[in-house]
Amino acid sequence: MYVVGLEQGMPPLDIFMRKKPRSELKLKVVLALDESTSMGDSEKMRANGEALLAYGDAIKAIDPDAQISGIGFSDHVRLHHGFESDWGDQAKAHIMHQAKGEYSATDDERGMAESLGLLMMAGAEAGMVRAFTDGQGMPGTKKWVDQANAENVSTLLIGVGAGCEATRQFGENGLHASGIAQLIQKLSTSEASAAKKAGWIG
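Conventions and cut-offs
- Residues numbered from 1 in each chain as written.
- Predicted model: local features only at pLDDT ≥ 70, side-chain atom pairs only at ≥ 80, totals over all residues.
- Heavy atoms only, no water.
- Helix = DSSP H or I, 4+ residues; strand = E, 2+ residues; numbered from the N terminus.
- Buried < 20%, exposed > 50% of the residue type's maximum accessible area, 1.4 Å probe, protein only.
- Contact = heavy atoms within 4.5 Å.
- Areas by Shrake-Rupley, 256 points an atom, 1.4 Å probe, with all protein chains shown as cover.
- Pairing = 2+ DSSP bridges.
- Axes fitted to C-alpha atoms, helices over the stretch in contact; angles between N-to-C directions.

(A) Fine view of the overall build of the chain. Counting its secondary structure elements, the chain contains seven helices and six strands. Starting at the N terminus and walking to the C terminus, you meet the elements of the chain as α-α-β-α-β-β-α-α-β-α-β-β-α. Going through the 202 residues of the chain one by one, you find that 51% of them count as buried. When contacts within the chain are restricted to residue pairs at least 6 apart in sequence, long-range pairs at least 24 apart make up 71% of them. When the accessible surface of the chain is totalled, it reaches about 9100 Å², and 52% of it is carbon and sulfur.

(B) Local environment of the sheet that holds strand S4 (residues 126–132). Ordered by their spatial adjacency, six strands build an open sheet running S3-S2-S1-S4-S5-S6, and the pairing between neighbours is mixed. Either end of the sheet is taken by a strand with one partner, and the two such strands are strand S3 (77–81) and strand S6 (174–177). Averaged over all pairs of adjacent strands, the angle between their axes in this sheet comes to 25 degrees, without regard to strand direction. Summarising the sheet, strand S5 (residues 154–160) and S6 pair through four bridges and their orientation is parallel. Counterpart to isoleucine 158 in the pairing with S6 is leucine 175. The sheet contacts of helix H7 (residues 180–197) involve S4, S5 and S6, and relative to S5 the element is tilted by about 160 degrees.

Written out as structure tokens, the structure is:
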């Protein structure tokens, strides 16, 4: 994956196998937050929301030119932050204010489909989707994860805290952690696996 590759000193040209100079490669990242009733207004929602924001900060720290979009998903998909907007305290506060775990059953399938659609519409050369969820969703999600991998989009469905263990069902594209500290410990391995699934590294 892009972040792992940079940390390991591998130039983006090698990661993506594109014949473009480093300065022309633009990373676009969709950060998606589960807003279904199974998340609720609970510690589960807060933990995953905080993890999403921390992930966005990490992306910008490594690649200040990366563009981030933030969406919420349940039975519908809601755009909370667009690629064209700056990622900062105001944007993060807006995402957390808008995020409400009160909508009908999770439709991870639609969330993944819309995330890929956003990346395609934005003309992403290097695309990532990171969904923070309890993993309780439509079985069709796996089809869209496979589609993302086929289109060289690095994808992870991440669950933080108790009640989010179902993210493990997505195999190398899934990750569960008991908290932020464990997420940090596990993330590099999962990022590398997601990158390999998407064809970013051999």
